[in-house]
Amino acid sequence: MALLNFRKRAEAPRAVSGDLEAFLKDYSIEVMPRTAEKVEDFRALLPEGTRVYIAHIEGTPIADMVSTAARLARDGYKVMPHFPARIIKDKATLADWIARYQGEAGVDQALLLAGGVAQPVGDFHCSMQLMETGLFDKAGFKRLHVAGHPEGNRDIDPDGGMKNVTEALRWKQKFSETTDAQMALATQFAFDAKPIIKWADDLASAGITLPIHIGIAGPAKLQTLIKFAIACGVGPSLKVLQKRAMDVSKLLLPYEPTDVLTQLAAHKAANPGFNIERVHFFPLGGIKTNAQWAIDNGGASAAPAAQTA
């Protein structure tokens, strides 16, 4: 298989599920400028054309974000920087960011989200306000992704329900019908396939048909994942990790997302209309570790000639 070109170890390829290999096609992955600096050559890890999100954490200078985007674009990747509403001062700042990303890195894709800060620094507090500026359409962005929450979000629904999250998705669904950009949901990570499947099916039943790029935590130490899961507000599926932590035989072994992805892949194969379209990795145990796991399990992005935006 072509993906073996990215293998750095001289070993026989492991047998992988055909369903899983198909499900991992065109997966995406997330980096931050400070983690990207530690990667000598992304081309040794990720197939050309992979979509790479760049997380914009509060306090990160926009210059660092843009230079990371430019580097990844030069290496042949589809770059999708975060635009967190609550750390963008005003419309002029947003326009400046868009212009810098386009001028220096040719960016035409963005993940729009509220951002993880409690107090907005300026005029924006949610991704819908960013979309309402019209600046992304004016700049000709080809893709706009927005956040999805398979297990809810207590920042949006303090009671633990899904009412406000669902209403926001209804708004975004309507917006998708007015923009030329392709839209999709990029979700928070979760660890249990059953609630993910139910959530996706519930959205479809509610008329929310935006394709889903499901967030999955990459291989990592169990303690690391539990820490991130709690910090990010992961809900009921956190029990999967807690149960594993109680098993002494597994406590010291690194977590891998094989089980959850195999189950989702099997469901997708049995239900082709299932609205999870792609896998998006959060490399909580490191980019290199995550990339190697993807290679070992059949994941590769399409060759550039076969890609769509």
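These numbers were taken from a predicted model, which means no experiment stands behind them.

(A) Just the sheet that holds strand β3 (residues 78-84), in detail. Here we have 8 strands rolled up into a closed barrel, ordered β1-β2-β3-β4-β5-β6-β7-β8, and parallel in their pairing. Between one strand axis and the next, the sheet turns through 30 degrees on average, direction left out of account. Across the sheet, helix α8 (residues 193-205) touches β5 (143-148), β6 (182-189), β7 (212-217) and β8 (276-282), and the angle it forms with β7 is around 160 degrees.

(B) Highlighting the nonpolar core. Ranked by internal contacts, the top residues of the largest apolar core, which has 80 residues, are Phe83, Phe136, Leu261 and Phe281. Excluding residues within four positions of it along the chain, Phe83 makes contact with Ile88, Leu94, Trp97, Ile98, Tyr101, Ala110, Leu111, Leu112, Leu113, Leu130 and Phe136.

(C) View of unusual backbone geometry. Within the chain, Asp26 stands out as a residue other than glycine whose phi angle is a positive 60 degrees. Following the sequence through the fold, Asp26 ends up in the loop between α1 (18-23) and β1 (28-31).

(D) The confidence of the model for the chain, seen in detail. Confidence along the chain averages 86 in pLDDT terms, with 81% of residues attaining 70 or more. In the predicted structure, residues 1-14 sits below a pLDDT of 50 and forms 24 contacts with residues beyond four places in sequence or in another chain. Below a pLDDT of 50 lies the segment residues 302-309, which in the model reaches 14 contacts outside its immediate sequence neighbourhood of four places, other chains included.

(E) Spotlight on the packing of aromatic side chains. With the rule as written, the count across this model stands at 10 aromatic pairs. Ring centres of Phe83 and Trp97 lie 6.3 Å apart, and the angle between their planes is 45 degrees; on these two criteria the pair is classed as tilted. Of this pair, Phe83 sits in strand β3 while Trp97 sits in helix α4 (residues 91-105), and the two are 14 residues apart along the sequence. Of the two residues, Phe83 and Trp97, neither departs from the other in class, the shared state being buried.

(F) Fine view of the pattern of salt bridges. In the structure shown here, the tally under the stated rule is 7 salt bridges. Its salt-bridge partner being Arg100, residue Asp96 comes within 4.0 Å of it at the nearest N-O pair. Taken together, the positions of Asp96 and Arg100, both in helix α4 and 4 residues apart, correspond to about one turn of that helix. Accessibility expressed as a relative area gives 37% for Asp96, which makes it partly exposed.

Rules behind the numbers
Residues numbered from 1 in each chain as written. Predicted model: local features only at pLDDT ≥ 70, side-chain atom pairs only at ≥ 80, totals over all residues. Heavy atoms only, no water. Pairing = 2+ DSSP bridges. Helix = DSSP H or I, 4+ residues; strand = E, 2+ residues; numbered from the N terminus. Axes fitted to C-alpha atoms, helices over the stretch in contact; angles between N-to-C directions. Contact = heavy atoms within 4.5 Å. Core = buried A, V, L, I, M, F, W, Y, C linked by side-chain atoms within 4.5 Å. Buried < 20%, exposed > 50% of the residue type's maximum accessible area, 1.4 Å probe, protein only. pLDDT = per-residue confidence, 0-100. Phe/Tyr/Trp six-rings, centres within 6.5 Å; stacked < 30°, edge-to-face > 60°. Salt bridge = Lys/Arg side-chain N within 4 Å of Asp/Glu carboxyl O.

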